[in-house]
Every structure is written in C-alpha cells, then in structure tokens.
Amino acid sequence: NAGVTQTPKFRVLKTGQSMTLLCAQDMNHEYMYWYRQDPGMGLRLIHYSVGEGTTAKGEVPDGYNVSRLKKQNFLLGLESAAPSQTSVYFCASSLRDRGTEQYFGPGTRLTVT
Amino acid sequence: TQLLEQSPQFLSIQEGENLTVYCNSSSVFSSLQWYRQEPGEGPVLLVTVVTGGEVKKLKRLTFQFGDARKDSSLHITAAQPGDTGLYLCAGARSYIPTFGRGTSLIVHP
C-alpha cells in the first residue's frame with residue numbers, strides 16, 4: 001500500500017514551458033486535492049476533485065488546469081510556466097465521509113527560471 | 001486575512017522543555033486537524049478533534065479543541081529532537097479544509 005505518490009519529485013522548467021504533475025493514490029479515496037506551499041504562505045489549495053470526472057477551483061487556480069479521468073489519479077497541468085509558479089506542490093486525498101482528514105504525497109519541487 | 005492564525009510562528013527550545021502552540025480563528029469549525037510536516041516531506045495527520053472542549057492525547061502530545069470550536073492548542077511535554085517539524089492546523093466547515101501557516105518547531109539536543 002503506497003498511499004499517495006507524486007511524480008516527478010523535482011523539475012526545472014523554463015518560462016513558457018508546459019508540464020504535468022501526476023498524483024496517484026491506492027486507498028480508494030473519493031476526494032483529491034492539489035496544494036502549493038510557499039515560504040510564509042502555508043498550504044494553498046489550487047484545485048480539488050470530489051470524484052472521477054469532476055474538478056473544482058480552489059483558492060489559487062489561475063495558471064493551472066487539472067483532470068481526474070480515473071478515481072486513483074489526479075493530474076495538475078501548467079500550460080505556460082511562470083517564475084511565480086516556483087513552489088513545492090503537494091497532492092492529497094481523503095475519504096468522502098472524512099473529507100478533511102487528508103493524506104499527503106511527498107511533494108514535487110518545481111523551479112521555473 | 002488568514003482564517004486560521006497559528007502562534008508562535010517559530011519556536012526553538014531545548015530537549016526536555018514543554019511547549020504549547022495555538023491555532024485561533026473567529027470562525028466556527030465542524031472539525032479541526034493537526035498535522036506535522038518534516039523537511040522535504042508532506043504533512044502527516046496527527047489528530048482530528050470534533051467536539052467542543054475535546055481533549056485528545058497522543059503519547060507526549062495533548063490536543064484540545066476550544067469549547068466554541070473556534071480554536072485549538074497543541075501541548076508537547078518533554079520535547080525531543082524527533083518532535084522537530086512544522087505543525088499545521090486545518091479547520092473544516094465542509095470537506096474543504098483551511099490551513100494555518102504553521103508553527104516551525106526546532107528541538108535542540
């Protein structure tokens with residue numbers, strides 16, 4: 001039981017490049033979330049999903065898109081990366097009836113130059 | 001305006017000392033979670049408190065939820081270097097939690 005996994009662990013992008021971050025969970029959780037964590041800012045919710053095929057915007061969605069085609073996977077896309085998107089990205093998942101008890105992945109450290 | 005205020009922001013103590021960190025809000029939450037995050041890793045859930053006035057213990061950690069369900073505290077007894085990390089509280093009014101900015105704790109041997 002791997003829990004929540006994220007790929008890649010590290011990535012460096014040039015401004016304007018695109019990439020997709022992959023999150024996978026093997027706990028059969030209904031809810032999945034993408035956060036970014038910046039020094040002094042805490043965890044900020046980017047997008048979330050309450051089930052396969054559904055997504056919704058969080059606190060800081062601009063510049064990101066997401067897709068949840070399979071229950072176990074939640075993808076975060078950056079279409080045209082900007083230096084302001086340099087951050088550590090965390091994926092989390094939770095059960096529907098315990099939605100706020102989240103299980104986090106190990107994070108992806110992204111640098112945009 | 002941060003919905004959840006955590007204090008202190010930083011704490012540096014010696015092994016064996018006691019400490020308390022606080023999580024305060026003007027909003028009522030249906031539940032509140034505490035997480036610990038070690039450098040280079042994701043947050044790990046420590047506890048959920050649901051009932052106003054509830055107290056939960058996890059070894060040397062004691063968590064309390066305020067009577068009005070607007071605030072919470074985490075008390076660590078006889079801190080150890082292994083307690084070093086970022087402590088985050090998260091309040092929930094639906095299935096979307098709001099995180100505080102965390103208390104960064106360093107326990108020196």
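Residues numbered from 1 in each chain as written. Chains lettered and ligands numbered in written order. Predicted model: local features only at pLDDT ≥ 70, side-chain atom pairs only at ≥ 80, totals over all residues. Heavy atoms only, no water.

Draft legend 1. Looking closely at the sheet that holds strand β8 (residues 71-76) of chain B. Residue and element names in this part refer to chain B. Spatially, the five strands line up as an open sheet ordered β1-β3-β8-β7-β6, and their pairing is antiparallel. The sheet is open, and its two borders are formed by β1 (5-7) and β6 (55-58), each paired with just one other strand. With strand direction ignored, the average angle separating the axes of adjacent strands in the sheet is 15°. Sheet analysis places strand β3 (residues 19-24) next to β8, joined by six bridges and oriented antiparallel. Bridging across to β8, L19 finds its partner in I76. (Pairing = 2+ DSSP bridges. Helix = DSSP H or I, 4+ residues; strand = E, 2+ residues; numbered from the N terminus. Axes fitted to C-alpha atoms, helices over the stretch in contact; angles between N-to-C directions.)

Draft legend 2. The arrangement of the packing of aromatic side chains in detail. Summed over the entire model, instances satisfying the criterion amount to eight aromatic pairs over all chains. An angle of 90° between the planes, with centres 5.7 Å apart, marks the rings of F104 of chain A and Y35 of chain B as edge-to-face. Here F104 of chain A, found in strand β10 (residues 103-104), pairs with Y35 of chain B, found in strand β4 (residues 31-37), and the two come from separate chains. The exposure classification of F104 of chain A matches that of Y35 of chain B, with both residues buried. Following the ring pairs from residue to residue traces out a cluster consisting of Y33, Y35 and F104 of chain A together with Y35 and F99 of chain B. (Phe/Tyr/Trp six-rings, centres within 6.5 Å; stacked < 30°, edge-to-face > 60°. Buried < 20%, exposed > 50% of the residue type's maximum accessible area, 1.4 Å probe, protein only.)

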